[in-house]
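Each chain, written out:
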Amino acid sequence: MKEKKLSSDAYQWAYDRFIKDDPEMQEFLKEVKMQSDIAGRIYDIRHKLGMSRENLAQYAGLTPEVIEDLEESDYEGCWSEAVERVNQAFQVWFREIILPASQMKPEDYSVSVQLG
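What you see is a predicted model, and the numbers here were worked out from it, not measured in a lab. (Residues numbered from 1 in each chain as written. Predicted model: local features only at pLDDT ≥ 70, side-chain atom pairs only at ≥ 80, totals over all residues. Heavy atoms only, no water.)

Visitor: Looking at this structure, I do not really get the packing of aromatic side chains. What am I missing?
Guide: The geometry of an aromatic ring pair comes down to the distance between the two centres and the angle between the two planes. A complete count under the given rule lists three aromatic pairs for this structure. With centroids separated by 5.8 Å and ring planes inclined at 85 degrees, the aromatic side chains of Trp-13 and Phe-18 adopt a geometry described as edge-to-face. With relative accessibility at 49%, the residue Trp-13 sits in the partly exposed group. Measuring from ring centre to ring centre gives 6.0 Å for Tyr-75 and Trp-79, while their planes differ by 75 degrees; the resulting arrangement is edge-to-face. Trp-79 carries the same exposure label as Tyr-75, and that label is buried. (Phe/Tyr/Trp six-rings, centres within 6.5 Å; stacked < 30°, edge-to-face > 60°. Buried < 20%, exposed > 50% of the residue type's maximum accessible area, 1.4 Å probe, protein only.)

Rendered as C-alpha cells:
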C-alpha cells in the first residue's frame, strides 16, 4: 500500500529522515500539531466573540502576552491549565457580555439627543 504523501516534498523528506522511525519525534510532532490546532481555535473563537487579547487575558487571569503566545503556538507553560482558563473566560464573556447584548432592544443601544 502506498503511503500517504504529506504536504510537500520537503516536508515529506524531513518526516522520512527525522521523524518516521522515531516514536519520540512522532509524539513531539503530535503535540506540536495539537498546540497549533488549539492556537487557531483560540484565535478564531476570540474573534467571533469580539474579544481583544486584553479582554481574554483579563477574563482568564492571564496576561495579553500569554494569550499572544497561545495564539502563536509559542506558549511554554502548561497548555492544559492555560486552555482551561481560556475556556472559562470564553464562557464568562459569553454569559456576561454576549447574552445580555443579544437581549437588548433597539432603544437600549440607541442614542437620542434632546435639544432645547
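Next, the rest of the story.
Visitor: Explain the nonpolar core here, please?
Guide: Inside soluble globular proteins, nonpolar side chains tend to come together where they are buried. Formed by 18 residues in total, the largest nonpolar core has its most connected members in Leu-56, Leu-62, Ile-67, Leu-70, Val-86 and Phe-90. Only helix 3 (53–60), helix 4 (64–71) and helix 5 (79–102) provide two or more residues apiece to this core. No other element matches helix 5, which puts seven residues into this core. If sequence neighbours within four positions are ignored, Leu-70 has contacts with Ala-39, Ile-42, Leu-62, Tyr-75, Trp-79, Ala-82 and Val-86. (Core = buried A, V, L, I, M, F, W, Y, C linked by side-chain atoms within 4.5 Å. Helix = DSSP H or I, 4+ residues; strand = E, 2+ residues; numbered from the N terminus. Contact = heavy atoms within 4.5 Å.)

Don't take any of this as a statement about function, it's just geometry.
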